[in-house]
Amino acid sequence: MRVLSILALTSFSSLAAERPNILFIFTDDHALQAISAYGGRFKDIAPTPNIDRLAKQGAVFERSYCANSICGPSRACILTGKHSLINGFIDNNSSRFNGAQPTFPKYLQQAGYQTAVIGKWHLVSNPTGFDHWEVLPGQGSYYNPDFIQMDGSTKRIDGYVTDIITDKSLDWLKNRRDKDKPFVLMSQQKAPHRNWSPAERHYKLFDGMDLPEPETLFDNYANRSEALKKQQMTLEKDFWWGNDLLLHGEPTDPRFRKGMANGEYKRMSTAQQAAFDQAYGAENQKLLNDLAAGKLSDKDVTRWKYQRYIKNYLRCIRAVDENVGRLLDYLDESGLAKNTMVIYSSDQGFYLGEHGWYDKRWMFEESLAMPFLIRWPGVVKPGVRSKALIQNIDYAPTFLEAAGVAVPEDIQGRSLLPLLKNDCAAPADWRKAIYYYYSGEGTHRVAAHDGVRSERYKLFHLPKTDEWQLFDLEKDPQEMKSVHADPAYATVLAEMKKTHQELRAQYKIPQG
Ligand code: CA
């Protein structure tokens, strides 16, 4: 530790002039399929022009993955640069982040940076290592949200959460930081997390349109583990009438799930409720009429749920994108842009109806992938697209190296600087696979599993049933058939099992 401090100090004095600011814009559950810089089926219908500015002026990483596809654990991996089983924040149900452990904000603070986190935190214990913080309690709320203050009190702010988090981020940048120091600001949105509640100005976006469905909306889960049929995250069976579909009262049709009301509606003012009812009323009434008239087949009902879900999800993202624009505009206007590394990322991906699902957790591509766009003038070449395998444990060492701070040996991720300085191409000794772990916490009943993903293949293991699943992502990008038992893949299976063992050993994953 003492050696590290001296190193940090040395780096501080020699690199002080050019040390970059870091603006880390982070959202919750924003899938790659819903960012136009990544393409996807919403590219022209629901573009994200402001996030795409980072792609044009910086780089897009196309193979960027999380280490554990849920909210809290992904954040803990980012702060520590370590896998879940090492940093101790394993799941959202029972973990509490040990704020006494080293994190990248602490190292940067010691090296003379101003550090701040504003918005969603979701690590149970209060933030440590920040000069300024103001965070949502738990999942937070979309309408008139509460914020935990540094003195422990809670303040309710009227308005829409995505706008408010940006207002607070801009206020800190403009008025509240020590301008003699470089900064790291983590501006972290709740959106587009469940339950998908758009800003009033976006209620009518996509109205009357049929948005494209994924090819796998009616996946029957054949040719893969039986565990895929047992989890509870299908549009068909698991969406709540109130909480997810934003309808009032309780359903009378058994194809809709009853029992959880829309809590956001309860938080609204009378005027906000009136605007909400005005926006959704006619469409809701049509559904009730069609159901009463027996007009809707089972598939029609799933399709209706999909449309309600995806429109609200993309409406939430519209507000995110507008607010990314506000932050980027300020960096431009203030002159900060030229010495600020800007990253856009989200804690994991999400199923937008693929495999008939919403939510995340499974190691399939849609939820394993994290968006990662980075702009850093003078370092990252504009317009580059990278296929290097990167992971959220890499962010901490990247920030440290960018700030001239020596990367501690116990950090498990690798600094992306050698890539960023080299057209985002991976050096020869770069990792050939990433490691993934999901604990199997009770929520949604997704089975525990861990695994590895290489450039072409994905192997995962379900310990409870001792099953292996192997996917050839080149031939089967939608992961519809496990080839673990196909003799043609025997060599690949053996190699991937070896990689799995090696990465578990490298990351010191406990046995069992
Ligand atoms: Ca999340």
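Residues numbered from 1 in each chain as written. Predicted model: local features only at pLDDT ≥ 70, side-chain atom pairs only at ≥ 80, totals over all residues. Heavy atoms only, no water.

Undergrad: Go over the pairing of strand β10 (residues 372-375) with me, naming the residues and quoting the values.
TA: The alternating pattern of β10 places F372 and I374 and L373 and R375 on opposite faces, both of which are buried. Looking at chain direction, strand β9 (residues 340-346) and β10 are connected through four bridges and run antiparallel. Bridge pairing links S345 to F372 in β10. (Buried < 20%, exposed > 50% of the residue type's maximum accessible area, 1.4 Å probe, protein only. Helix = DSSP H or I, 4+ residues; strand = E, 2+ residues; numbered from the N terminus. Pairing = 2+ DSSP bridges.)

Undergrad: Please give an account of helix α9 (residues 270-292) that cites residues and values.
TA: Y280 marks where α9 bends most, by close to 45°. Within the sequence span of α9, burial applies to Q272, A275, F276, A279, Y280, N284, L287, D290 and L291. Residues of α9 that are buried sit in contact with α8 (263-267) and α10 (298-334). Directly beyond the C-terminal end of α9, a positive phi value near 65° is found at G294. (Bend = angle between axes of the 7 residues up to and from the residue. Contact = heavy atoms within 4.5 Å.)

Undergrad: I'd like to hear about the pattern of salt bridges, residue by residue, with values.
TA: Applying the stated criterion to the full structure yields 40 salt bridges. The salt bridge involving K295 is made with D290; its shortest N-O contact spans 3.8 Å. The shortest N-O distance in the salt bridge between E479 and K458 comes to 2.6 Å. Linking E479 in the loop between β16 (467-472) and α14 (490-506) with K458 in strand β15 (residues 457-462), this pair joins segments that are 21 residues apart in sequence. Shared partners join several salt bridges into a network, and the residues in it are D29, D359, K360, R361 and E441. (Salt bridge = Lys/Arg side-chain N within 4 Å of Asp/Glu carboxyl O.)

Undergrad: So what's going on with the packing of aromatic side chains? Residues and values would help.
TA: A complete count under the given rule lists 35 aromatic pairs for this structure. Centroid distance F24 to F26: 5.0 Å. Interplanar angle 25°. Geometry classified as stacked. With a relative accessible area of 0%, F24 lands in the buried category. The interplanar angle of 70° and the centroid separation of 5.4 Å between the aromatic rings of Y203 and Y280 together place this pair among those described as edge-to-face. Pair noted here: Y203 is in the loop between β8 (183-188) and α7 (235-238) and Y280 is in helix α9, with a separation of 77 residues, a long-range link. Here Y280 falls in the buried class, since its relative accessible area comes to 3%. Pairwise contacts between aromatic rings join F24, F26, F61, F104, F372, Y395 and F399 into one cluster. (Phe/Tyr/Trp six-rings, centres within 6.5 Å; stacked < 30°, edge-to-face > 60°.)

Undergrad: If you had to explain the environment of A403 to someone new, which residues and values would you point to?
TA: Assignment of secondary structure puts A403 in the loop between α12 (395-402) and α13 (417-420). The exposure class assigned to A403 is buried, which follows from its relative accessible area of 1%. A403 sits 67 residues away from L336 along the chain, and the two C-alpha atoms are 16 Å apart.

Undergrad: So what about the nonpolar core? Which residues, and what values?
TA: Residues F104, L108, Y313, L314 and W362 are the most contacted members of the largest nonpolar core, which totals 147 residues. Among the elements that take part in this core, α10 stands out by supplying 16 residues, more than any other. Other than its neighbours up to four places away in sequence, Y313 contacts D29, H30, A31, A34, P192, W196, F350 and L352. (Core = buried A, V, L, I, M, F, W, Y, C linked by side-chain atoms within 4.5 Å.)

Undergrad: Could you give me a rundown of the coordination of the calcium ion, with the residues and numbers involved?
TA: The coordination sphere of the calcium ion, as far as protein atoms go, consists of D28 (OD), D29 (OD), C71 (SG), D347 (OD), D347 (OD), Q348 (OE1) and Q348 (NE2), spread over 2.2 to 3.2 Å. Counting the intervening residues between successive donors of the calcium ion yields the motif D-D-x41-C-x275-D-Q. Of this pair, D28 sits in the loop between β1 (21-27) and α2 (49-57) while C71 sits in helix α3 (residues 71-80); the two residues are 43 residues apart in sequence, bridging distant segments of the chain. This pair shows no difference in class: D28 is buried, exactly as C71 is. (Donors = N, O, S within 2.8 Å, 3.2 Å for Na, K, Ca; no water.)

Undergrad: An account of the domain arrangement of the protein chain is needed here, citing residue identities and associated values.
TA: Splitting the protein chain by domain gives domain 1 (2-187 + 331-432), domain 2 (204-308) and domain 3 (437-506). A separation of 32 Å is found between the C-alpha centroids of domain 2 and domain 3. The partner domain 3 presents 13 residues to the 13 residues of domain 2 that form the contact. Buried surface at the junction of domain 2 and domain 3, summed over both partners, amounts to about 1000 Å²; 54% is from carbon and sulfur atoms. In this structure, the connection of domain 2 to domain 3 is made through zero salt bridges. (Domains from an automatic or database assignment. Buried area = accessible area lost by both parts, 1.4 Å probe.)

Undergrad: Which residues make up the side chain of S64, and what are the values?
TA: Looking at the element boundaries, S64 is found in strand β3 (residues 64-65). Taking relative accessible area as the criterion, S64 reaches 2% and is therefore assigned buried. Polar side-chain contacts of S64 include one of 2.7 Å to the backbone oxygen of M370. Setting aside residues up to four positions removed in sequence, S64 forms contacts with L368, A369, M370, P371, F372, I390 and Y395. (Polar contact = N/O pair within 3.5 Å; in protein donor to acceptor, adjacent residues only side chain to side chain.)

Undergrad: Would you mind going over the environment of S125 in detail, with residue names and values included?
TA: Counting through the fold element by element, S125 comes out in the loop between β4 (114-119) and β5 (132-135). S125 sits in the buried class, given a relative accessible area of 9%. In this structure the C-alpha to C-alpha distance between S125 and G99, which are 26 residues apart in sequence, comes to 6.9 Å. If we skip the residues at most four places from it in the chain, S125 touches R96, F97 and G99. Here F97 takes part through its backbone oxygen, which lies 2.7 Å from a polar atom of the side chain of S125.

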